[in-house]
Amino acid sequence: MDERKLGKTGRGVSAVGFGAWQIGAAWGDVSEEDALSALRTSVESGVSFIDTADVYGDGRSERLVGQILKEYPHLTVATKMGRRAPQEAGNYNPENLRSWNDDSRSNLGVDTIDLVQLHCPPDAVYASDAVFDDLDAMVSEGRIRSYGVSVETCAQALAAIERPGVASVQIILNAFRHKPLEEVLPAAREAGVGVIARVPLASGLLSGRYTAQTSFGDDDHRNFNRAGDAFDVGETFSGVDFATGLAAVERIREAVPDGMTMAQFALRWILDQPGVSTVIPGARNAEQARGNAAAAFLAPLPPEVHSTVREVYDELIRPQVHHRW
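Just so it is clear, the structure is predicted and the values come from calculations on it, not from any experiment.

A. Quick peek at unusual backbone geometry. Positive phi values are uncommon outside glycine, yet Ala-202 reaches one of about 50°. Following the sequence through the fold, Ala-202 ends up in the loop between strand 9 (194-198) and helix 8 (221-224). One non-glycine residue with positive phi stands out, namely Phe-237, at about 55°. One can find Phe-237 in the loop between helix 8 and helix 9 (242-253).

Spelled out as structure tokens, the structure:
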């Protein structure tokens, strides 16, 4: 698989990684057997980067990733911290940061974590020299090798990129979320900061498998967070109204080249964007994991296909999301 440098971490990572939110919680039930099978299949298909977080299943995702890391010690693993406390800047203090880090190191079974990201912190954190000084100290202490920030908005990404110690930014980027292409990706390239593209399939909308009759379980955020009742609505269907998303998918489907699934098309679109270090689709079983990894081996999409995606975005999606994140 194509390997790309992950910003200031200096590490080479697979173009397609593995996003481990789905095997933690809030996506319906995923058995441990299926989760481990998805992880192993991803690695055996060329994936070398896994992204997780301490709150995914209250540590469940990290523990599963830790099992895989013992089997495949060459992997680069990133986790996130900061969502275990109320989202107030004062909670991003030395005691909490180290407590969260201790739990993650224990869950993952490592002394030093490759990359730790602040997990969509409040705006005030980006302006806090003390927080970033403390992250530098945690690198010096050997707790983490590098640090980054997972963000909700382009403005937050640009603020993070200005911090000299930030190795990477993780941001929602997909065929339904184009705004990062305008400033974030160019700024990250200029600063040598890696870009981790998350929510690449818009919570499954861009897999092309959903219809107006599709339903989701009570424990699935695609049911309980459509209005942003639990967390930022932009994390669910990229903030796009479900019916509008379905209409956009049908328009885009007509441009998918032969021999490529809709999901692979969506991943390939992201990989074609200059400055993307890795894209992290989730998978709940081996079949999905294998299909996701295969996207890295497909040829770049032709210019006319990219033009079609842009036209659909401008007409249907832009009015709903572009001004928000």
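B. The arrangement of the side chain of Arg-198 in detail. You can see Arg-198 is positioned in strand 9. The class of Arg-198 is buried, set by a relative accessible area of 7%. Among the polar contacts made by the side chain of Arg-198, one reaches the side chain of Ser-150 at a distance of 3.2 Å. Here the side chain of Arg-198 touches Val-151 through a polar contact of 3.0 Å, landing on its backbone oxygen. Beyond its immediate sequence surroundings of up to four residues, Arg-198 is in contact with Cys-120, Ser-150, Val-151, Glu-152, Gln-170, Ile-171, Ile-172, Leu-173, Glu-235 and Ile-280.

C. Region of interest: the layout of surface pockets. By volume, the largest pocket is sized at about 1,000 Å³. Forming the boundary of the largest pocket are 48 residues, of which Trp-21, Gln-22, Trp-27, Ser-203 and Gly-282 lie nearest the centre. Residue assignment for the lining of the largest pocket shows that the elements contributing at least two residues are helix 10 (262-271) and helix 11 (286-294). For the lining of the largest pocket, the element with the most residues is helix 11, which contributes four residues. Residue classes in the lining of the largest pocket are distributed as 21 nonpolar, 16 polar and eleven charged.

Conventions we followed
- Residues numbered from 1 in each chain as written.
- Predicted model: local features only at pLDDT ≥ 70, side-chain atom pairs only at ≥ 80, totals over all residues.
- Heavy atoms only, no water.
- Helix = DSSP H or I, 4+ residues; strand = E, 2+ residues; numbered from the N terminus.
- Buried < 20%, exposed > 50% of the residue type's maximum accessible area, 1.4 Å probe, protein only.
- Polar contact = N/O pair within 3.5 Å; in protein donor to acceptor, adjacent residues only side chain to side chain.
- Contact = heavy atoms within 4.5 Å.
- 1 Å grid on protein atoms, 1.4 Å probe; cavity = no way out; pocket = protein on both sides within 12 Å on 5 of 7 lines; lining within 4 Å.
- Points joined across faces, edges and corners; volume = space filled by probe spheres on them.
- Nonpolar A, V, L, I, M, F, W, Y, C, P; charged D, E, K, R; others polar.

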